[in-house]
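Architecture at a glance
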Amino acid sequence: HVLGEVHARWGLAMHAVIGGSHEAGAQRCRGILVRLRTVDMDHAFVPVLRWASTCFAEARDRDGLQACAAVIGDHAARFGSAEPLSALAHAIGEVALLDRQPAQAVEQFQSAINLIEGGELPRERVESQLRAAVACAAAGRHEDAVAFAREARAVRTVLVRDRSLKPLPLSCIVLVSR
């Protein structure tokens, strides 16, 4: 039942972000972190935390982002498998982006992508590719930004066709069309 509760909170956080309120999404994500402190971490929570790290970064919520990265880091240290290690690299990329160090952010997002190559975690890969595109754009590497966004679009197109993911957000479509 904890997984269902966390996923419900995640859905509410996504709804807030889609509605334009990153701050409300971050508040929901803080609730997720509070709830996860009361349970034994499971791999099923890693995608939630990866997404939450981006939500915190977009809301410019440094404390939330650091708390999220710490939870992911504890899980990565405990299990050492590709998924939490990739999520940790993703979260560190978000910290670098928030600190206005886009070159470091690109490196971390690339590490996150490399750790999950092979197609087993396509949604997570897309999330890191989209954030790598943002970091590349912030670093003035516009061709690389477009390349990351196009690759993300290609993977998402397959997921949308398979009905396992919604279409790309308009922000990514605009980035690819530039």
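Residues numbered from 1 in each chain as written. Predicted model: local features only at pLDDT ≥ 70, side-chain atom pairs only at ≥ 80, totals over all residues. Heavy atoms only, no water.

1. With respect to the overall build of the protein
How we decide: Per the convention used, a helix needs a DSSP run of H or I reaching at least four residues, while a strand needs a run of E reaching at least two, with both numbered from the N terminus. Where accessible areas are quoted, they stem from the Shrake-Rupley method and a 1.4 Å probe; at the residue level, only the protein chains shown are allowed to cover.
Counting its regular elements, the protein contains 9 helices and 0 strands. Its helices and strands in sequence order give the protein the pattern α-α-α-α-α-α-α-α-α, from N to C terminus. Total accessible area on the protein stands at roughly 9,100 Å², and carbon and sulfur atoms take up 54% of it.

2. Description of the nonpolar core
Within soluble globular proteins, side chains that are nonpolar generally end up buried alongside one another. Spelled out, the test is: Here the nonpolar core consists of buried residues drawn from Ala, Val, Leu, Ile, Met, Phe, Trp, Tyr and Cys, with membership extended through side-chain atoms lying within 4.5 Å. Accessible area is worked out with a 1.4 Å probe on protein chains only. A residue is then buried under 20% of its type maximum, exposed over 50%, and partly exposed in between. Contacts are residue-level and defined by heavy atoms, with any inter-residue pair within 4.5 Å sufficient.
Core analysis: the largest hydrophobic core is formed by 29 residues, its most contacted members being Val 6, Cys 29, Leu 36, Leu 49, Trp 51, Phe 56 and Cys 68. Put simply, the parts of the chain that give this core at least two residues each are α1 (2–18), α2 (22–36), α3 (46–58), α4 (62–79) and α5 (82–98). Examining the composition of this core, we find that 8 residues originate from one element, α3, more than from any other. Apart from residues no more than four positions distant in its own chain, Cys 68 is found in contact with Leu 33, Leu 49, Ala 52, Ser 53 and Phe 56. With 13 residues, the next largest nonpolar core counts Val 106, Ala 133, Ala 135 and Ala 145 among its residues.

3. A closer look at the pattern of salt bridges
Rules: For this analysis, a salt bridge means a side-chain nitrogen from Lys or Arg found within 4 Å of a carboxyl oxygen belonging to Asp or Glu.
In this structure the tally under the stated criterion is 9 salt bridges. For Glu 58, the salt bridge goes to Arg 131, with nearest N and O atoms at 3.1 Å. In this pair, Glu 58 is assigned in helix α3 and Arg 131 in helix α7 (residues 122–138), connecting sequence segments 73 residues apart. For Glu 58, a relative accessible area of 34% gives the class partly exposed. Between Arg 131 and Glu 94 there is a salt bridge, with its nearest N and O atoms 2.8 Å apart. Remark: Glu 94 occurs in helix α5 and Arg 131 occurs in helix α7; sequence separation between them is 37 residues. Like Glu 94, Arg 131 is buried.

4. Let's talk about the confidence of the model for the protein
We count it as follows: For every residue, the pLDDT score states the predictor's confidence, bounded by 0 at the bottom and 100 at the top.
Here the protein shows a mean pLDDT of 88. Residues at 70 or above account for 89%. Every residue in residues 166–178 scores below 50 in pLDDT, and together they form 19 contacts with partners more than four places removed in sequence or on other chains.

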